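Residue strings, one per chain:
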Amino acid sequence: MPVAHKPKIMFQSDFDGTLTEGDVSFLILEKYAQGDWCAILREYQEGKISVGDFNYRAFALVKEDRETLVDFIRKNAIPKKGIYELINYCHQEDIRFSVVSNGLDFYIHTMLEEMGFKDIEINAARTLFTSNGLDARYYGPDGKMVENGFKESYTNHYKSQNYQVIYAGNGPSDFPPAKLCEYAFATDMLLDRFKQSNLPCYPFQDLHDIVSHLKALPR
């Protein structure tokens, strides 16, 4: 008899508002941006600029050094309940866990390392600390710079490697990649988008909800 191969499963997760309470990038901008970052945010929300353009312009207004910002993140950013259980469950069940976020890599690394998760795959805006402010840019799986479609570029990459991708997110930018996946966990604005589109998803309040659903999913 042929040996049944276990399916390769990827858990692709957004970060801000999905694995955290609220948006960590907004905490940084509210505290440290030297200029009207909200005007740039409105341009993004109105569809006039890409998320890459928003982050590049908004974070250029932040002039603090890495040490100051890392200290601020450690004191102020709050992980969502159930994050330990979710990441540990994926590890136990041989589910590859990848954070793909429009946020900035340095604060995602800071938060996860503080919690003892040092080896998690993180794909987010690469951040350089410069005298002209933070330089935040996105690079796709092919190493080329991406202006639009950052998250779905990774979803398509994982699917091309024969992964069954499970998605978790909370915002409008999560809708295009989440639609590509076999299972999607949604909260906040992403949940609204799924409802408006009459597409199936699993709602969640905190990450314990996701773990409960994962345990019940057919393999």
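Structural notes, computed from the coordinates.

1. Description of the packing of aromatic side chains
- Scanning all chains against the criterion turns up 15 aromatic pairs.
- Pairing Y154 with Y158 gives two aromatic rings, centres 6.2 Å apart and planes at 50°, and the pair type is tilted. You can see Y154 and its partner Y158 sitting in helix α7 (residues 150-160), four residues apart, about one turn around the helix.
- You can call Y154 buried: its relative accessible area is 8%.
- For Y158, a relative accessible area of 1% corresponds to the buried category.
- Between F175 and F194, the ring centres sit 5.2 Å apart and the planes meet at 85°, which makes this aromatic pair edge-to-face. Of this pair, F175 sits in helix α8 (residues 175-179) while F194 sits in helix α9 (residues 188-196), and the two are 19 residues apart along the sequence.

2. Some points on the pattern of salt bridges
- Following the criterion strictly, the structure yields nine salt bridges and no others.
- Residue R57 pairs with D53 through a salt bridge whose shortest N-O separation is 3.8 Å. Linking R57 with D53, this pair stays in helix α3 (residues 51-59), spanning four residues, or about one helical turn.
- Owing to a relative accessible area of 31%, R57 belongs among the partly exposed residues under this scheme.

3. Points about the nonpolar core
- One finds F11, I28, L86, L112 and L214 to be the most contacted residues of the largest nonpolar core, which totals 74 residues.
- Dropping the residues within four chain positions of it, L214 is found in contact with F11, L86, Y89, C90, I166 and F185.

4. Observations regarding the packing of helix α1 (residues 24-32) against helix α4 (residues 66-76)
- Put simply, α1 and α4 touch, their axes get as near as 11 Å, and they point 120° apart. In terms of orientation, α1 and α4 fall into the oblique class. Like other packed secondary-structure pairs, α1 and α4 cross with a definite hand, here right-handed. Within the contact between the two elements, α1 uses V24, L27, I28, K31 and Y32 and α4 uses T68, L69, F72, I73 and N76.

5. Concerning the pairing of strand β5 (residues 163-169)
- With respect to burial, β5 is a largely interior element, seven of its seven residues being buried.
- Where burial is concerned, the two faces of β5 agree: the one with Y163, V165, Y167 and G169 and the one with Q164, I166 and A168 are both buried.
- Examined bridge by bridge, strand β1 (residues 8-13) and β5 share six bridges and lie parallel to one another. In the sheet register, K8 faces β5, and the bridge partner there is Y163.
- Taken together, the four bridges between β5 and strand β6 (residues 183-186) define a ladder with parallel strand orientation. In the sheet register, Y167 faces β6, and the bridge partner there is A184.

The rules behind each value
- Residues numbered from 1 in each chain as written.
- Predicted model: local features only at pLDDT ≥ 70, side-chain atom pairs only at ≥ 80, totals over all residues.
- Heavy atoms only, no water.
- Phe/Tyr/Trp six-rings, centres within 6.5 Å; stacked < 30°, edge-to-face > 60°.
- Helix = DSSP H or I, 4+ residues; strand = E, 2+ residues; numbered from the N terminus.
- Buried < 20%, exposed > 50% of the residue type's maximum accessible area, 1.4 Å probe, protein only.
- Salt bridge = Lys/Arg side-chain N within 4 Å of Asp/Glu carboxyl O.
- Core = buried A, V, L, I, M, F, W, Y, C linked by side-chain atoms within 4.5 Å.
- Contact = heavy atoms within 4.5 Å.
- Axes fitted to C-alpha atoms, helices over the stretch in contact; angles between N-to-C directions.
- Parallel < 35°, antiparallel > 145°, perpendicular 65-115°, else oblique.
- Left-handed = near helix turned anticlockwise from the far one by under 90°.
- Pairing = 2+ DSSP bridges.

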